[in-house]
Amino acid sequence: MSRPPTVAVVHFPSSGHIRPLLTLVAALEREGLRTVQWAPPEWEQACLAAGGEFRVLPEFLKTVAWPPPIPSRISEFVGMLAERMAPWMSEQVKDVGADVVLRDSFAQYGHYAALTNDLREIVVPPMMAFHRRMRPSAADLPLTFKNLIKGVPGALRLRSTSRRLDRQYGAPLGDWRTVFGGRHGATTLIWTVPSLQMRPEALRGEDIRYVGPLRALGPTEVDAEPALDGIDAEDQLIYVSLGTVFEMRPSFYRDAAAALAAPGRRVILSIGRVAPEEIGPLPAGVSAHAHVDQLSVLKRADLFVAHGGFNGIQESLASGVPMLLFPQMFEQALNADVVVGQGAGLRIRSATPDRIHAAAETLLGDPTYAEAARRVAAELRSSGGIDEAVEVIASAAREHRATVDAHMSGPSSD
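My aim in this report is to walk through the structure given alongside it, one point at a time. (Residues numbered from 1 in each chain as written. Predicted model: local features only at pLDDT ≥ 70, side-chain atom pairs only at ≥ 80, totals over all residues. Heavy atoms only, no water.)

**Side note on unusual backbone geometry**
Phase 1 of the analysis: In this structure, H184 is a non-glycine residue whose phi angle is positive, near 50°.
Phase 2 of the analysis: Residue classification places H184 among the partly exposed residues on the basis of a relative accessible area of 24%.
Phase 3 of the analysis: Look at R199: it is not a glycine, yet its phi comes out positive at around 50°.
Phase 4 of the analysis: Tracing the backbone shows R199 in the loop between β6 (187-190) and β7 (208-210). (Buried < 20%, exposed > 50% of the residue type's maximum accessible area, 1.4 Å probe, protein only. Helix = DSSP H or I, 4+ residues; strand = E, 2+ residues; numbered from the N terminus.)

What follows is the structure in structure tokens.
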């Protein structure tokens, strides 16, 4: 009896990349597909809870120096991982008998594993689909040019890496923009809708599927979030988070607490690794937590103050919550510009208490921002969703499995 088609799920070792994919993995398991996931060891339980089998990514990832938040340097890092891990990943994919590779757009060692094993790959970026016609706003141009100059040595090293991979596999990585996008012509599942994709017309000719934010539209992780205890129905709630990468800014949380505290209002700070004593005493109505279930809090929030990470934006808009955005890197600035363009938020470039206070009062005092967020939420809910994503992957896996089974059975004889 033939075994179920196998999906090789190749993660990139970062929580913001892994977590959104787990909802899709669980759906593939329910569809009757076999899944095998590669991720860091600390993700074993979460991956197993989603379903299927788990394998650990190489130990050296714990010791590599991660790049600064400059696109060309990130691309150089992605290229280094691709070159170093492609032979190992290719053997892993072969060993499990994969029928299709489902990979993070930054996990380009999975791209070469698919090429080596003659498999179709399906890509899932942790952001909107990056392309060459995306441009920063005029106010961001000075910093963009500065980062481009800083990134020149990395871009040159990436060129050498790309050439070596081309000689070995017959397929170059390309320049930093191609690597940052990470699609390499593959079918791509985007966790959003076209209205939240910058210049979607530039992607014509590519197989892009807008399936919406699967995790953001799903259930919360907990039945009751402790951070919400004691909040009355009439209380206004503001949620503040800088995610898991840019959270180490105690002064930001201190300024946000001072700027946002007000009678009849509760403010929840998600501070991650920041020690509470680094922030100091908090005003009445403000609480700080190392971790909260973000979906639970956003379902109750009136405003989300954030850095503009792609996952957080999708989760906030899916809940119909407007945003005050303080981007920390290039990609987040693009996300913020899209949200502002939809009328669902405001962006600040300097997070002083006065600027935070003024922007928050504008967002809370003008109902058009919340109305725009609810409009986008309705669009997100009507997107292709989990069924389309599963169908794309399942069809590719089953088609390959059928071909393999037919080859194994050989020609019939009388």
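From this point, the discussion proceeds with the structure in view.
**Brief notes about helix α13 (residues 353-365)**
Phase 1 of the analysis: Taking 1.5 Å of rise per residue, 13 residues should cover 18 Å, and α13 covers 18 Å from first to last C-alpha, within 8% of that figure.
Phase 2 of the analysis: When we look at burial in α13, the residues that qualify are I356, A359, A360 and L363. Seen end-on, α13 carries its buried residues on one side only, within an arc spanning 100°. Across from the buried face of α13, at angles greater than 90 degrees, the exposed residues are D354 and G365. (Expected span 1.5 Å × (residues − 1). Arc of directions from axis to C-beta.)

**Considerations on the nonpolar core**
Phase 1 of the analysis: L24, L102 and L317 are the most contacted members of the largest nonpolar core, which has 106 residues in total.
Phase 2 of the analysis: The dominant element in this core, judged by the number of residues it contributes, is helix α3 (residues 71-95), at nine residues.
Phase 3 of the analysis: Those residues within four positions of L24 in sequence are excluded, and the remaining contacts are L102, L189, W191, L214, I386, A389, V390 and I393.
Phase 4 of the analysis: Grouped together as the second largest cluster of nonpolar side chains are 26 residues, A259, L260, F326 and I356 included. (Core = buried A, V, L, I, M, F, W, Y, C linked by side-chain atoms within 4.5 Å. Contact = heavy atoms within 4.5 Å.)

**With respect to the packing of helix α1 (residues 15-30) against helix α15 (residues 385-409)**
Phase 1 of the analysis: For the pair α1 and α15, the least separation of the axes is 10 Å and the interaxial angle reads 65°. One element, α1, and the other, α15, form an angle in the roughly perpendicular class. By crossing handedness, the relation of α1 to α15 is classed as right-handed. Contacts between α1 and α15 involve T23, L24, A27 and L28 from the former and I386, A389, V390 and I393 from the latter.
Phase 2 of the analysis: Considering only residue class, the contact of α1 with α15 consists of seven nonpolar, one polar and no charged. (Axes fitted to C-alpha atoms, helices over the stretch in contact; angles between N-to-C directions. Parallel < 35°, antiparallel > 145°, perpendicular 65-115°, else oblique. Left-handed = near helix turned anticlockwise from the far one by under 90°. Nonpolar A, V, L, I, M, F, W, Y, C, P; charged D, E, K, R; others polar.)

**Here's the deal with the side chain of Q92**
Phase 1 of the analysis: For Q92, the location among the structural elements is in helix α3.
Phase 2 of the analysis: Q92 gets classed as buried once you look at its relative accessible area, which sits at 16%.
Phase 3 of the analysis: A polar contact of 2.7 Å, which involves the side chain of Q92, links it to the side chain of W38.
Phase 4 of the analysis: Apart from residues lying up to four places away in sequence, Q92 is in contact with W38 and R55. (Polar contact = N/O pair within 3.5 Å; in protein donor to acceptor, adjacent residues only side chain to side chain.)

**Structural notes on empty space enclosed by the protein**
Phase 1 of the analysis: Here the structure, examined in full by the defined rule, presents one cavity of 30 Å³ or more.
Phase 2 of the analysis: Contributing to the lining of the largest cavity are M128, L196, F310, I313, Q314, N335, V338 and V339.
Phase 3 of the analysis: At the level of secondary structure, the elements contributing two or more residues to the lining of the largest cavity comprise α11 (310-318) and α12 (330-341).
Phase 4 of the analysis: Among the residues making up the lining of the largest cavity, the classes are represented as six nonpolar, two polar and no charged. (1 Å grid on protein atoms, 1.4 Å probe; cavity = no way out; pocket = protein on both sides within 12 Å on 5 of 7 lines; lining within 4 Å. Points joined across faces, edges and corners; volume = space filled by probe spheres on them.)

**Looking at the pattern of salt bridges**
Phase 1 of the analysis: Summed over the entire model, instances satisfying the criterion amount to 23 salt bridges.
Phase 2 of the analysis: A salt bridge links R73 to E76; its shortest N-O distance comes to 3.4 Å. Taken as a pair, R73 and E76 lie in helix α3 at a separation of three residues, close to a single helical turn.
Phase 3 of the analysis: E76 gets classed as buried once you look at its relative accessible area, which sits at 17%.
Phase 4 of the analysis: Within this structure, R3, D99, R401 and D405 form a network of salt bridges that share partners. (Salt bridge = Lys/Arg side-chain N within 4 Å of Asp/Glu carboxyl O.)

None of the figures reported here should be taken as evidence of function without further support.
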